[in-house]
Amino acid sequence: MKLDPKALRYLSKDDFRTLVAVEMGMKNHEFVPVSLICNIANLKFGGGKKAIQNLHKFKLLFHDARKYDGYKLTYLGYDFLALKTLVSRDVISYVGNQIGVGKESDIYVVANDNNEEFVLKLHRLGRTSFKTIKNNRDYLKHRKSASWLYLSRLSALKEYAYMKALYDNGFPVPQPIDYNRHCIVMSRVRGYPMTQIMELRHPSKVYSDLMNLIVRLASYGLIHGDFNEFNILINDEEELTLIDFPQMVSTSHLNAEMYFDRDVQCIRTYFEKRFNFIGEKYPKFSDAVKQYDLDVQVNASGFTREFEKDFETLNQEQNELDFSSDDDNNDSDSEDEEEVEGQEKEIVDEKEINNDQDKEQESSQEEDEDEEDEDQEEESSSEEEKEENVEQVEEQFKDLAVNKNREYKFSKDNDFKVVLRKEYMDEMAQLDGERIQNNDTDGTKETPEEMRKRKEEEKKKMIEQKVKRQLGKTIGGRPKASVRNSVKNRSKKEISSHISSYS
């Protein structure tokens, strides 16, 4: 994300209080609720909501409302908090152009009120180009997870500690000025990255200076870990300056030899490809002799003060064991006998506990079996009751007499009401009429002419019923017609008169 500090002039004190409140809330929340932001900022709900909207407009906060209404800081909002602190300390006053971009940082030119130029480094971990930092760096230590903002802050703090320790011991590094959160302010070095250099006047001298720098770092107990042409600056006088220190490790690291040889090999391959210079002599990790404990002072990765104390205590214990007397051996034998007796007692107690547990399990299994038998008996009895109820209902529904109602037909028994629509009841009445006719004429046979007449009459009745349904007529009344449907009613009357002429 590109830094645009123009919005700083438009932010008020309440806006910065809100940003700090979101930063504090992110210690325990991925997205901080609005109510919590207002409580931490000590602002009224209306004022806090207004400040949040203003910050969201400048893309200093990210909003998420999937689970609840919450906000979190963006890298730009984190930049504004750091810049506000550095400006209040009178460290910087102006922000210039961007002069460098890395896989985990952005570099800008800044200046103070005296027009002294400095370099501002903004750590931006979590980019797509370098998302495996949690596996490659030990920033988290005992933690399982953390936000990228917090990891950037740890990275900046670690680099500032390395830079200050190296500068105080006379190493060719930039002078550290100040730091806050994920930002570091350092002196500006006049030089060019070595990756941009196409030709050297004295390649052998530069090569030897680089190798001596690697060995000198190892003598102080440190290994750079990323010693290549991208992290080395060179000026017109071919003087070197080393930058980028978050990945430095101690010479006591488990993989220290691998990191040391990798730094040496990077310089050798670069000089061979770019300047056609083959370095026959190069240092090895066994040649480096540790003279200072700078890795312990800066708490470098792989060696800490606690690690050193553990070594000292182990050495003292070994010395005490060498000068131990025979009385100590006798005491140890008596202690061994007591331990054996205690172990035997523990074994007996464990056996008794196991027997008690087995008895409890057997009793619990018997209870479970009794409960299962009772459940099966209850289920069988409930099924028999259901079957009896079904048989009773079926007997009550047989041969129900149907009442003739205006719109719906109900059975005589009020307990079991059978509701049917009128249209279906009409069809059922026709079917009942056909059955009665068939019963009356069981002894005689219909002639073909009688069959044809009966079918014509049935067709006429069906047509009349359909027309009556369309017209909406009822027995003994006229259909209700509105003014809007007067034209349709005329056509319906003509249709009905036409049908009645054929009846």
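Just so it is clear, the structure is predicted and the values come from calculations on it, not from any experiment. (Residues numbered from 1 in each chain as written. Predicted model: local features only at pLDDT ≥ 70, side-chain atom pairs only at ≥ 80, totals over all residues. Heavy atoms only, no water.)

A. Looking closely at the overall build of the protein. For the protein, the helix and strand inventory stands at 14 helices and 13 strands. Out of the 503 residues belonging to the protein, those deemed buried represent 32%. Taking as baseline every contact in the protein between residues at least 6 positions apart, the subset at least 24 positions apart corresponds to 59%. Accessible surface for the protein amounts to roughly 35200 Å². Of this, 47% is attributable to carbon and sulfur atoms. (Helix = DSSP H or I, 4+ residues; strand = E, 2+ residues; numbered from the N terminus. Buried < 20%, exposed > 50% of the residue type's maximum accessible area, 1.4 Å probe, protein only. Contact = heavy atoms within 4.5 Å. Areas by Shrake-Rupley, 256 points an atom, 1.4 Å probe, with all protein chains shown as cover.)

B. Representation of the side chain of Arg124 in the model. Relative to the helices and strands, Arg124 resides in the loop between strand 6 (117-123) and helix 5 (133-136). Only 2.9 Å separates the side chain of Arg124 from the side chain of Asp106, close enough to count as a polar contact. (Polar contact = N/O pair within 3.5 Å; in protein donor to acceptor, adjacent residues only side chain to side chain.)

C. Up close: the nonpolar core. Among the nonpolar cores identified, the biggest contains 45 residues, and Leu166, Met194, Leu210 and Phe271 are the most heavily contacted of them. Going through the elements one at a time, helix 6 (148-168), strand 8 (183-187), helix 7 (203-219), strand 10 (222-223), strand 11 (232-234), strand 12 (240-242) and helix 8 (256-274) are the ones with two or more residues in this core. If you tally residues by element for this core, the top one is helix 7, at 8 residues. Not counting residues up to four positions away in its chain, the partners in contact with Met194 are Val206, Leu210, Glu229, Ile232, Ile234, Leu240, Tyr270, Phe271 and Arg274. (Core = buried A, V, L, I, M, F, W, Y, C linked by side-chain atoms within 4.5 Å.)

D. View of unusual backbone geometry. The phi dihedral of Arg181 is positive, around 55°, even though this residue is not glycine. Here Arg181 is to be found in the loop between strand 7 (176-180) and strand 8. Classification of Arg181 as buried rests on a relative accessible area of 14%. Its identity as a non-glycine residue notwithstanding, Asp244 has a phi of 65°, on the positive side.

E. Representation of the pairing of strand 5 (residues 105-111) within the structure. Taken across its 7 residues, strand 5 has 7 buried, putting it largely inside the fold. Here strand 5 shows a buried face lined by Ser105, Ile107, Val109 and Ala111 and a second buried face lined by Asp106, Tyr108 and Val110. One ladder, built from 5 bridges, connects strand 4 (residues 94-101) with strand 5; its direction is antiparallel. Bridge pairing in strand 5 places Val95 opposite Val110. Counted along the chain from strand 4 to the antiparallel partner strand 5, the turn is 3 residues long. Both strand 5 and strand 6 contribute to a ladder of 7 bridges, which runs antiparallel. Counted as the bridge partner of Asp106 is Leu122 from strand 6. In this structure, the hairpin formed by strand 5 and strand 6 is closed by a connection of 5 residues, where Asn115 is found at a positive phi of approximately 60°. (Pairing = 2+ DSSP bridges.)

F. Spatial organisation of the pattern of salt bridges. Taken as a whole and assessed by the stated rule, the structure comprises 17 salt bridges. Across the salt bridge formed by Arg66 and Asp64, the nearest N and O atoms sit 3.1 Å from each other. One salt bridge connects Arg89 with Asp178, and the closest N-O pair in it is separated by 3.0 Å. Note that Arg89 is positioned in the loop between helix 4 (75-88) and strand 4 and Asp178 in strand 7, a separation of 89 residues in sequence. The exposure class of Asp178 is buried, given its relative accessible area of 15%. By sharing partners, the salt bridges in this structure join Glu23, Arg153 and Arg181 into a single network. (Salt bridge = Lys/Arg side-chain N within 4 Å of Asp/Glu carboxyl O.)

G. Spatial organisation of the pairing of strand 2 (residues 61-64). Direction of pairing for strand 2 relative to strand 3 (residues 70-73): antiparallel, over a ladder of 4 bridges. Pairing of Leu61 across the sheet is with Leu73, part of strand 3. Counting the residues that bridge the hairpin from strand 2 to strand 3 gives 5 residues.

H. Molecular detail of the packing of aromatic side chains. Summed over all chains, the structure comprises 11 aromatic pairs. On the numbers, 5.7 Å between centres and 65° between planes, the contact of Phe260 with Phe285 is edge-to-face. Residue Phe260 is located in helix 8, and its partner Phe285 is located in the loop between helix 8 and helix 9 (294-297); the two are separated by 25 residues in the primary sequence. By relative accessible area, which is 1% here, Phe260 ends up buried. Accessibility expressed as a relative area gives 23% for Phe285, which makes it partly exposed. The rings of Tyr207, Tyr270, Phe271, Phe275 and Phe277 are connected pair by pair, giving a single aromatic cluster. Across the ring face of Phe171, the terminal group of Arg216 is positioned such that the distance to the ring centre comes to 4.2 Å. (Phe/Tyr/Trp six-rings, centres within 6.5 Å; stacked < 30°, edge-to-face > 60°. Lys NZ or Arg CZ within 6 Å of the ring centre and 35° of its normal.)

I. Local environment of helix 2 (residues 34-41). Regarding helix 2, the residues found buried are Val34, Ile37, Cys38 and Ala41. Down the axis, helix 2 shows its buried residues gathered within 95° of arc, on one side only. Positive backbone phi, at 60°, marks Asn42, one or two positions downstream of helix 2. (Arc of directions from axis to C-beta.)

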